[in-house]
Amino acid sequence: GSLFPRKAIELANALEGENCLFVIGGGEFANLIRKYDNEIEFSEDVTHETAIDAMDILAKLLNDKLAFTEISYTIEEAISISDLNKIPIMICSDILKENEPFAHSWDVTSDSIAAYIASLLDAKLLIATNVNGIYTKDPSLSGAELINEIDVNKLLTFDESSIDLMLPTLLIEYGLDCYVVNGEYPERVLSIMNNENNEDSFEYTFIHNE
C-alpha cells in the first residue's frame, strides 16, 4: 500500500513469471480512514471493515495495470490462477469475513492479513514497504539503526515499527519467518525470493522463529 501506485506497479512488473501471490495494503485510503477515526472515533468493526475495503480497491486498481495477474477471492481460486502461470492478487474481504481470524483493531493491517493468507497457502512471507526494514526506532529520527535480523519473540516488545503490532504474534502462531524489504528496489525483492541475498548485498530485515 505504501508503494502505490507507481512503485507498486513497477515492483509487480518486475515479479512477472514468479511463483507468488500479492496481498495489497490499503495505502492512502486506509490512512485516511485512520485519520477520520482519530478525529471522530468510529467503531472498531467499521474501521476494520472499511480499511479492508481499501485493500480491495487498491488490489483491483493494481490488477487493472497488469496483464499477467488475476483477482482471486478464495484460496482455491488463487491456486487455480497460479496453475495457469498467472499471479493471483488477493481480494481479502470475503475470506476474512468468513473466518474472522483476528480481532478488529488498528493493530491488524495488511501485514497480518498477508501472514494469514501465507499460512493458508503454506507460503513464504515477504513484506515490501517503503523503508529498508525494521529499525530500532522511527527511521526519520536521529540515531535510528536498521535491524538486519531479529527473533520474533524480541519483536513482541516493540511498541511500533514498520510492521503492524499483531504480526509478531501471528508469525509465532503460524510458525512463519518473514522478510521486510524496501519494495522501491524490485531487485532486492527478487534477490530474497531467489535466495540470492546476504547481509552484505543490501539492507533488509529477517524476522525468524526460534
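Okay, so let's go over this structure. (Residues numbered from 1 in each chain as written. Predicted model: local features only at pLDDT ≥ 70, side-chain atom pairs only at ≥ 80, totals over all residues. Heavy atoms only, no water.)

## Quick notes on the pattern of salt bridges
Tallied over the full model, the rule gives 4 salt bridges. The partner of Lys97 in a salt bridge is Glu49, and the shortest N-O contact between them spans 4.0 Å. Of this pair, Lys97 sits in helix α5 (residues 93-99) while Glu49 is found in helix α3 (residues 44-64), placing the two residues 48 residues apart along the sequence. Lys86 serves as the salt-bridge partner of Glu70, at 3.9 Å between the closest nitrogen and oxygen. With a gap of 16 residues between them, Glu70 in strand β1 (residues 69-72) and Lys86 in the loop between α4 (75-83) and β2 (87-90) connect regions that are remote in the sequence. For Lys86, a relative accessible area of 30% gives the class partly exposed. (Salt bridge = Lys/Arg side-chain N within 4 Å of Asp/Glu carboxyl O. Helix = DSSP H or I, 4+ residues; strand = E, 2+ residues; numbered from the N terminus. Buried < 20%, exposed > 50% of the residue type's maximum accessible area, 1.4 Å probe, protein only.)

## Points about the environment of Glu76
For Glu76, the location among the structural elements is in helix α4. Among the residues examined, Glu76 registers a relative accessible area of 57% and is labelled exposed. A sequence separation of 107 residues divides Glu76 from Gly183, and the C-alpha atoms of the two residues are 27 Å apart.

## Focus: the pairing of β1
Across 4 bridges, the pairing between β1 and β2 is parallel. Considered in β2, the bridge of Thr69 is made with Ile87. With α4 bridging β1 and the parallel β2, this β-α-β connection has right-handed handedness. (Pairing = 2+ DSSP bridges. Right-handed = clockwise from strand over helix to strand, strands pointing away.)

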